[in-house]
Amino acid sequence: MEEHTPPELELLLRYIAQERGIDCRKYKINFLERRLASRMRAHHVSDYQSYLYILKKHPEELDALLDNLTINLTYFFRDQSVFEALRKEVLAPLIRERDHPGRRQLRLWSAGCATGEEPYSLAILLHQLLGAGLPHWDITLLATDLDEKALAKARAGVYDAFSFREVSAQELSPYFTIQNGRYHLVPEVKSLVTFQRHDLLGDSYPANMDVILCRNVLIYFTREQHDYIFTMFHRALKDGGVLVTGKTEIMLGPLAACFKAVNLREHIYRKVGGAVPSRPPASS
Ligand SMILES: C[S@@+](CC[C@H](N)C(=O)[O-])C[C@H]1O[C@@H](n2cnc3c(N)ncnc32)[C@H](O)[C@@H]1O
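Residues numbered from 1 in each chain as written. Predicted model: local features only at pLDDT ≥ 70, side-chain atom pairs only at ≥ 80, totals over all residues. Heavy atoms only, no water.

Q: If you had to explain the nonpolar core to someone new, which residues and values would you point to?
A: Y27, W109, L200, Y205, I229 and F233 are the most contacted members of the largest nonpolar core, which totals 51 residues. Listing elements by their share of this core, those giving two or more residues are helix 1 (7-20), helix 2 (29-42), helix 3 (48-57), helix 4 (60-68), strand 1 (105-111), strand 7 (209-214), helix 9 (223-236) and strand 8 (237-245). Per element, the largest residue contribution to this core is six residues, and it comes from helix 9. Residues from two domains meet in this core; each of domain 1 (7-68) and domain 2 (80-271) gives at least three. Ignoring any residue separated from it by four or fewer positions in sequence, one finds L200 in contact with W109, A111, Y205, C214, V217, Y228, I229 and F233. Counting residues in hydrophobic clusters, the runner-up holds 46 residues, among them L86, V167, F176 and V186. (Core = buried A, V, L, I, M, F, W, Y, C linked by side-chain atoms within 4.5 Å. Buried < 20%, exposed > 50% of the residue type's maximum accessible area, 1.4 Å probe, protein only. Helix = DSSP H or I, 4+ residues; strand = E, 2+ residues; numbered from the N terminus. Domains from an automatic or database assignment. Contact = heavy atoms within 4.5 Å.)

Q: Run through the environment of A169, naming residues and quoting values.
A: If you trace the backbone, A169 turns up in the loop between strand 3 (158-159) and strand 4 (176-179). Each C-alpha atom of the pair A169 and Y159 lies 10.0 Å from the other, and the pair is 10 residues apart in sequence. If we ignore the near neighbours within four places in the chain, the residues touching A169 are F164 and Y183.

Q: I'd like to hear about the side chain of E118, residue by residue, with values.
A: Following the sequence through the fold, E118 ends up in helix 6 (residues 117-130). For E118, the side chain forms a polar contact with the side chain of S110, separated by 2.8 Å. Residues within four places of E118 in sequence aside, it is in contact with T74, F83, S110, L213 and R215. (Polar contact = N/O pair within 3.5 Å; in protein donor to acceptor, adjacent residues only side chain to side chain.)

Q: How would you summarise the pairing of strand 4 if you had to cite specific residues and measurements?
A: Relative to strand 5 (residues 182-185), strand 4 is paired through four bridges, and the arrangement is antiparallel. Among the inter-strand pairings, F176 is bridged to a residue of strand 5, identified as L185. Where strand 4 folds back onto strand 5 in an antiparallel hairpin, the turn is made up of two residues, including N180, whose phi is positive at roughly 50 degrees. (Pairing = 2+ DSSP bridges.)

Q: Break down the sheet that holds strand 3 for me, with residues and values.
A: Judged by pairing direction, the sheet is antiparallel, and its three strands sit side by side in the order 3-5-4 without closing on themselves. Where the open sheet ends on each side, the last strands, each with one partner, are strand 3 and strand 4.

Q: Could you give an account of the domain arrangement of the protein, naming the residues involved and the relevant values?
A: For the protein, the assigned domains are domain 1 (7-68) and domain 2 (80-271). Centre-to-centre separation of domain 1 and domain 2, based on C-alpha positions: 30 Å. Listed per partner, the contact involves eight residues of domain 1 and 11 residues of domain 2. Taken over both partners, the interface formed by domain 1 and domain 2 buries close to 890 Å², and the fraction arising from carbon and sulfur atoms is 56%. The largest per-residue losses of area from domain 1 upon contact with domain 2 belong to K26, Y27 and K28, which jointly make up 56% of the total buried on that side. Joining domain 1 to domain 2, the criterion identifies zero salt bridges. Across the domain 1-domain 2 interface, the total number found is zero residue pairs in polar contact (both at pLDDT 80 or more). When the residues that make up the side of domain 1 that touches domain 2 are grouped by side-chain class, the tally is three nonpolar, one polar and four charged. (Buried area = accessible area lost by both parts, 1.4 Å probe. Salt bridge = Lys/Arg side-chain N within 4 Å of Asp/Glu carboxyl O. Nonpolar A, V, L, I, M, F, W, Y, C, P; charged D, E, K, R; others polar.)

Printed below as a string of C-alpha coordinates:
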(Lines give C-alpha, C1' and ligand atoms only; values in the text may rest on other atoms or scores of the structure.)
Protein backbone atom coordinates (compact mmCIF):
# COMPACT_ATOMS: atom_id res chain seq x y z
CA MET A 1 0.00 0.00 0.00
CA GLU A 2 1.60 3.26 -1.11
CA GLU A 3 -0.54 5.70 0.88
CA HIS A 4 0.20 6.06 4.58
CA THR A 5 -1.77 3.54 6.65
CA PRO A 6 -2.47 4.35 10.31
CA PRO A 7 -0.89 1.60 12.51
CA GLU A 8 -4.27 0.50 14.02
CA LEU A 9 -5.72 0.09 10.54
CA GLU A 10 -2.60 -1.82 9.46
CA LEU A 11 -3.12 -4.25 12.38
CA LEU A 12 -6.77 -4.75 11.46
CA LEU A 13 -5.92 -5.40 7.80
CA ARG A 14 -3.22 -7.86 8.83
CA TYR A 15 -5.80 -9.71 10.90
CA ILE A 16 -8.17 -9.99 7.87
CA ALA A 17 -5.26 -11.25 5.72
CA GLN A 18 -4.31 -13.82 8.34
CA GLU A 19 -7.88 -15.06 8.90
CA ARG A 20 -9.16 -15.05 5.30
CA GLY A 21 -6.07 -14.79 3.08
CA ILE A 22 -7.43 -11.55 1.58
CA ASP A 23 -4.81 -8.83 1.53
CA CYS A 24 -6.86 -5.64 1.68
CA ARG A 25 -3.65 -3.68 2.29
CA LYS A 26 -3.38 -3.45 -1.49
CA TYR A 27 -6.68 -1.60 -1.77
CA LYS A 28 -7.18 2.15 -1.85
CA ILE A 29 -7.10 3.49 1.67
CA ASN A 30 -10.07 5.87 1.36
CA PHE A 31 -12.19 3.01 -0.02
CA LEU A 32 -11.28 0.83 2.98
CA GLU A 33 -11.85 3.65 5.48
CA ARG A 34 -15.33 4.40 4.11
CA ARG A 35 -16.40 0.74 4.19
CA LEU A 36 -14.95 0.10 7.63
CA ALA A 37 -16.66 3.21 8.98
CA SER A 38 -20.10 1.84 8.19
CA ARG A 39 -19.45 -1.46 10.04
CA MET A 40 -17.91 0.46 12.95
CA ARG A 41 -21.00 2.68 13.17
CA ALA A 42 -23.16 -0.46 13.29
CA HIS A 43 -21.22 -1.53 16.40
CA HIS A 44 -21.05 1.97 17.92
CA VAL A 45 -17.26 2.07 17.94
CA SER A 46 -15.13 4.81 16.49
CA ASP A 47 -11.58 3.41 16.53
CA TYR A 48 -9.94 0.54 14.66
CA GLN A 49 -8.59 -1.06 17.84
CA SER A 50 -12.09 -1.52 19.33
CA TYR A 51 -13.39 -2.81 16.00
CA LEU A 52 -10.54 -5.35 15.80
CA TYR A 53 -11.54 -6.55 19.26
CA ILE A 54 -15.12 -7.08 17.99
CA LEU A 55 -13.84 -8.95 14.92
CA LYS A 56 -11.80 -11.31 17.08
CA LYS A 57 -14.63 -11.92 19.53
CA HIS A 58 -17.36 -12.36 16.86
CA PRO A 59 -15.95 -14.11 13.76
CA GLU A 60 -19.29 -13.66 11.94
CA GLU A 61 -18.57 -9.92 11.87
CA LEU A 62 -15.69 -10.69 9.49
CA ASP A 63 -18.26 -12.04 7.01
CA ALA A 64 -20.36 -8.90 7.44
CA LEU A 65 -17.28 -6.74 6.90
CA LEU A 66 -16.18 -8.61 3.77
CA ASP A 67 -19.73 -8.39 2.42
CA ASN A 68 -19.67 -4.70 3.15
CA LEU A 69 -16.50 -4.32 1.15
CA THR A 70 -18.84 -5.67 -1.60
CA ILE A 71 -16.06 -8.10 -2.17
CA ASN A 72 -18.25 -10.87 -3.52
CA LEU A 73 -21.32 -9.09 -4.88
CA THR A 74 -22.30 -10.73 -8.15
CA TYR A 75 -25.27 -12.31 -9.92
CA PHE A 76 -26.15 -14.17 -13.11
CA PHE A 77 -25.88 -12.07 -16.30
CA ARG A 78 -24.98 -8.99 -14.27
CA ASP A 79 -25.34 -6.09 -16.77
CA GLN A 80 -27.28 -8.18 -19.24
CA SER A 81 -26.45 -5.87 -22.16
CA VAL A 82 -22.76 -6.77 -21.80
CA PHE A 83 -23.58 -10.47 -22.17
CA GLU A 84 -25.81 -9.71 -25.15
CA ALA A 85 -23.00 -7.77 -26.85
CA LEU A 86 -20.55 -10.52 -25.96
CA ARG A 87 -22.86 -13.09 -27.54
CA LYS A 88 -23.48 -11.15 -30.77
CA GLU A 89 -20.25 -9.27 -31.32
CA VAL A 90 -17.62 -11.62 -29.89
CA LEU A 91 -18.64 -15.22 -29.24
CA ALA A 92 -20.92 -15.92 -32.21
CA PRO A 93 -18.37 -14.60 -34.79
CA LEU A 94 -15.51 -16.40 -33.00
CA ILE A 95 -17.45 -19.67 -33.08
CA ARG A 96 -18.25 -19.22 -36.78
CA GLU A 97 -14.61 -18.55 -37.55
CA ARG A 98 -13.35 -21.58 -35.59
CA ASP A 99 -16.04 -24.06 -36.51
CA HIS A 100 -13.74 -26.25 -38.60
CA PRO A 101 -12.06 -29.56 -37.79
CA GLY A 102 -8.91 -28.99 -35.72
CA ARG A 103 -9.87 -25.38 -34.90
CA ARG A 104 -12.73 -25.88 -32.47
CA GLN A 105 -11.01 -24.45 -29.41
CA LEU A 106 -12.01 -21.58 -27.09
CA ARG A 107 -10.15 -20.20 -24.07
CA LEU A 108 -12.03 -17.85 -21.74
CA TRP A 109 -11.11 -16.44 -18.33
CA SER A 110 -13.32 -14.81 -15.72
CA ALA A 111 -10.82 -13.02 -13.45
CA GLY A 112 -12.30 -12.05 -10.08
CA CYS A 113 -15.21 -14.46 -10.48
CA ALA A 114 -16.40 -14.26 -6.83
CA THR A 115 -19.06 -16.95 -6.23
CA GLY A 116 -19.18 -18.07 -9.87
CA GLU A 117 -22.27 -16.43 -11.37
CA GLU A 118 -20.21 -14.63 -14.04
CA PRO A 119 -18.29 -17.67 -15.42
CA TYR A 120 -21.44 -19.78 -15.22
CA SER A 121 -23.30 -17.10 -17.22
CA LEU A 122 -20.55 -17.45 -19.84
CA ALA A 123 -20.92 -21.24 -19.71
CA ILE A 124 -24.68 -20.89 -20.30
CA LEU A 125 -23.99 -18.59 -23.29
CA LEU A 126 -21.58 -21.14 -24.78
CA HIS A 127 -24.07 -23.92 -24.15
CA GLN A 128 -26.75 -21.92 -26.01
CA LEU A 129 -24.45 -20.96 -28.89
CA LEU A 130 -22.85 -24.36 -29.46
CA GLY A 131 -25.94 -26.47 -28.86
CA ALA A 132 -25.49 -30.08 -29.95
CA GLY A 133 -22.00 -29.22 -31.27
CA LEU A 134 -20.66 -28.58 -27.76
CA PRO A 135 -18.99 -32.01 -27.31
CA HIS A 136 -16.87 -31.35 -30.42
CA TRP A 137 -15.28 -28.25 -28.91
CA ASP A 138 -12.23 -28.03 -26.67
CA ILE A 139 -13.32 -25.39 -24.16
CA THR A 140 -11.29 -23.90 -21.35
CA LEU A 141 -13.39 -21.66 -19.12
CA LEU A 142 -11.11 -20.63 -16.30
CA ALA A 143 -12.57 -18.75 -13.33
CA THR A 144 -10.28 -17.31 -10.67
CA ASP A 145 -10.54 -15.32 -7.48
CA LEU A 146 -8.49 -14.43 -4.44
CA ASP A 147 -11.13 -15.55 -1.99
CA GLU A 148 -11.17 -19.29 -1.22
CA LYS A 149 -14.53 -19.04 0.52
CA ALA A 150 -16.17 -17.54 -2.58
CA LEU A 151 -14.49 -20.19 -4.74
CA ALA A 152 -15.87 -22.99 -2.56
CA LYS A 153 -19.36 -21.61 -3.12
CA ALA A 154 -18.68 -21.29 -6.84
CA ARG A 155 -17.50 -24.90 -7.10
CA ALA A 156 -20.69 -26.09 -5.36
CA GLY A 157 -22.83 -24.37 -8.02
CA VAL A 158 -25.84 -23.95 -5.70
CA TYR A 159 -27.57 -20.57 -5.61
CA ASP A 160 -30.40 -18.62 -3.93
CA ALA A 161 -32.89 -16.18 -5.42
CA PHE A 162 -30.44 -13.32 -4.75
CA SER A 163 -28.22 -14.54 -7.59
CA PHE A 164 -31.05 -13.99 -10.09
CA ARG A 165 -31.54 -10.25 -9.67
CA GLU A 166 -31.24 -9.37 -13.31
CA VAL A 167 -32.34 -12.50 -15.14
CA SER A 168 -34.99 -14.56 -13.44
CA ALA A 169 -34.43 -18.17 -12.45
CA GLN A 170 -37.45 -19.02 -14.65
CA GLU A 171 -35.66 -17.69 -17.72
CA LEU A 172 -32.64 -19.81 -16.85
CA SER A 173 -34.73 -22.81 -15.79
CA PRO A 174 -33.19 -25.32 -18.27
CA TYR A 175 -29.88 -24.83 -16.50
CA PHE A 176 -30.97 -25.44 -12.91
CA THR A 177 -32.77 -28.03 -10.84
CA ILE A 178 -34.56 -26.83 -7.72
CA GLN A 179 -33.91 -28.72 -4.49
CA ASN A 180 -35.17 -27.46 -1.12
CA GLY A 181 -35.81 -24.02 -2.61
CA ARG A 182 -32.21 -23.68 -3.88
CA TYR A 183 -31.03 -23.65 -7.49
CA HIS A 184 -28.50 -26.32 -8.46
CA LEU A 185 -26.63 -25.86 -11.74
CA VAL A 186 -26.94 -28.78 -14.12
CA PRO A 187 -23.71 -30.80 -14.54
CA GLU A 188 -23.35 -30.02 -18.30
CA VAL A 189 -22.92 -26.32 -17.50
CA LYS A 190 -21.11 -26.73 -14.19
CA SER A 191 -18.45 -28.99 -15.68
CA LEU A 192 -17.49 -26.36 -18.28
CA VAL A 193 -15.91 -24.13 -15.61
CA THR A 194 -12.60 -24.70 -13.79
CA PHE A 195 -12.12 -22.67 -10.62
CA GLN A 196 -8.70 -21.71 -9.28
CA ARG A 197 -7.35 -19.35 -6.65
CA HIS A 198 -5.42 -16.52 -8.31
CA ASP A 199 -4.21 -13.15 -7.07
CA LEU A 200 -4.22 -10.60 -9.88
CA LEU A 201 -1.53 -8.64 -8.07
CA GLY A 202 0.81 -11.48 -7.23
CA ASP A 203 0.39 -14.65 -9.28
CA SER A 204 1.52 -15.47 -12.79
CA TYR A 205 -1.13 -15.11 -15.49
CA PRO A 206 -2.45 -17.79 -17.86
CA ALA A 207 -1.70 -17.38 -21.58
CA ASN A 208 -3.38 -17.64 -25.00
CA MET A 209 -6.80 -16.44 -23.89
CA ASP A 210 -9.48 -15.59 -26.47
CA VAL A 211 -11.64 -13.67 -23.99
CA ILE A 212 -10.97 -12.25 -20.53
CA LEU A 213 -13.73 -10.83 -18.33
CA CYS A 214 -12.54 -8.75 -15.38
CA ARG A 215 -15.48 -6.77 -14.10
CA ASN A 216 -16.10 -4.92 -10.86
CA VAL A 217 -12.75 -6.03 -9.48
CA LEU A 218 -10.37 -3.16 -10.17
CA ILE A 219 -12.46 -0.67 -8.21
CA TYR A 220 -10.38 -1.59 -5.19
CA PHE A 221 -7.05 -0.90 -6.83
CA THR A 222 -4.80 2.11 -7.41
CA ARG A 223 -4.02 3.52 -10.88
CA GLU A 224 -0.57 1.80 -10.87
CA GLN A 225 -2.21 -1.52 -10.07
CA HIS A 226 -4.76 -0.97 -12.87
CA ASP A 227 -1.88 -0.38 -15.32
CA TYR A 228 -0.11 -3.52 -14.12
CA ILE A 229 -3.24 -5.69 -14.46
CA PHE A 230 -4.17 -4.33 -17.92
CA THR A 231 -0.58 -4.92 -19.10
CA MET A 232 -0.72 -8.49 -17.83
CA PHE A 233 -4.13 -9.05 -19.48
CA HIS A 234 -2.69 -7.77 -22.75
CA ARG A 235 0.04 -10.42 -22.50
CA ALA A 236 -2.45 -13.12 -21.48
CA LEU A 237 -4.59 -12.56 -24.58
CA LYS A 238 -4.02 -14.05 -28.01
CA ASP A 239 -3.60 -11.48 -30.79
CA GLY A 240 -7.12 -10.23 -31.48
CA GLY A 241 -8.31 -11.53 -28.08
CA VAL A 242 -11.02 -9.62 -26.23
CA LEU A 243 -11.03 -7.97 -22.80
CA VAL A 244 -14.28 -7.03 -21.03
CA THR A 245 -14.04 -4.66 -18.08
CA GLY A 246 -16.66 -3.29 -15.69
CA LYS A 247 -18.46 -0.02 -16.30
CA THR A 248 -16.18 1.90 -13.94
CA GLU A 249 -12.92 0.31 -14.99
CA ILE A 250 -11.24 2.48 -17.59
CA MET A 251 -7.93 2.08 -19.37
CA LEU A 252 -5.86 5.23 -19.38
CA GLY A 253 -2.54 6.44 -20.80
CA PRO A 254 -0.42 4.44 -23.27
CA LEU A 255 -2.26 1.19 -22.45
CA ALA A 256 -5.45 2.49 -24.05
CA ALA A 257 -3.61 2.40 -27.42
CA CYS A 258 -2.95 -1.34 -27.00
CA PHE A 259 -6.66 -2.15 -27.17
CA LYS A 260 -9.33 -0.95 -29.60
CA ALA A 261 -12.98 -0.76 -28.68
CA VAL A 262 -15.29 -3.47 -29.98
CA ASN A 263 -18.17 -1.93 -28.05
CA LEU A 264 -17.22 1.14 -26.04
CA ARG A 265 -20.57 1.37 -24.23
CA GLU A 266 -20.24 -2.18 -22.92
CA HIS A 267 -16.51 -1.87 -22.24
CA ILE A 268 -15.49 -4.60 -24.66
CA TYR A 269 -11.99 -4.18 -26.16
CA ARG A 270 -9.83 -6.10 -28.62
CA LYS A 271 -6.07 -6.53 -28.20
CA VAL A 272 -4.26 -4.61 -30.92
CA GLY A 273 -1.53 -6.41 -32.90
CA GLY A 274 1.36 -7.78 -30.89
CA ALA A 275 2.11 -4.39 -29.34
CA VAL A 276 3.03 -5.20 -25.75
CA PRO A 277 3.84 -2.31 -23.43
CA SER A 278 7.57 -2.45 -22.64
CA ARG A 279 7.43 -3.41 -18.96
CA PRO A 280 4.53 -3.75 -16.51
CA PRO A 281 4.81 -1.40 -13.56
CA ALA A 282 5.31 -3.04 -10.14
CA SER A 283 2.27 -4.93 -8.85
CA SER A 284 2.16 -3.22 -5.45
C1 LIG B 1 -17.53 -7.56 -6.80
S2 LIG B 1 -16.80 -9.11 -7.16
C3 LIG B 1 -16.95 -9.17 -8.93
C4 LIG B 1 -17.58 -10.45 -9.39
C5 LIG B 1 -17.87 -10.52 -10.87
N6 LIG B 1 -16.71 -10.26 -11.67
C7 LIG B 1 -18.98 -9.56 -11.26
O8 LIG B 1 -18.71 -8.51 -11.85
O9 LIG B 1 -20.15 -9.84 -10.95
C10 LIG B 1 -15.06 -8.69 -6.96
C11 LIG B 1 -14.18 -9.94 -6.78
O12 LIG B 1 -12.82 -9.55 -6.95
C13 LIG B 1 -12.04 -10.38 -6.12
N14 LIG B 1 -10.72 -9.80 -5.95
C15 LIG B 1 -10.37 -8.73 -5.20
N16 LIG B 1 -9.05 -8.54 -5.25
C17 LIG B 1 -8.54 -9.52 -6.05
C18 LIG B 1 -7.23 -9.87 -6.48
N19 LIG B 1 -6.16 -9.18 -6.07
N20 LIG B 1 -7.09 -10.95 -7.29
C21 LIG B 1 -8.16 -11.67 -7.67
N22 LIG B 1 -9.42 -11.40 -7.30
C23 LIG B 1 -9.61 -10.33 -6.49
C24 LIG B 1 -12.85 -10.44 -4.84
O25 LIG B 1 -12.47 -11.53 -4.02
C26 LIG B 1 -14.27 -10.54 -5.37
O27 LIG B 1 -14.71 -11.86 -5.42
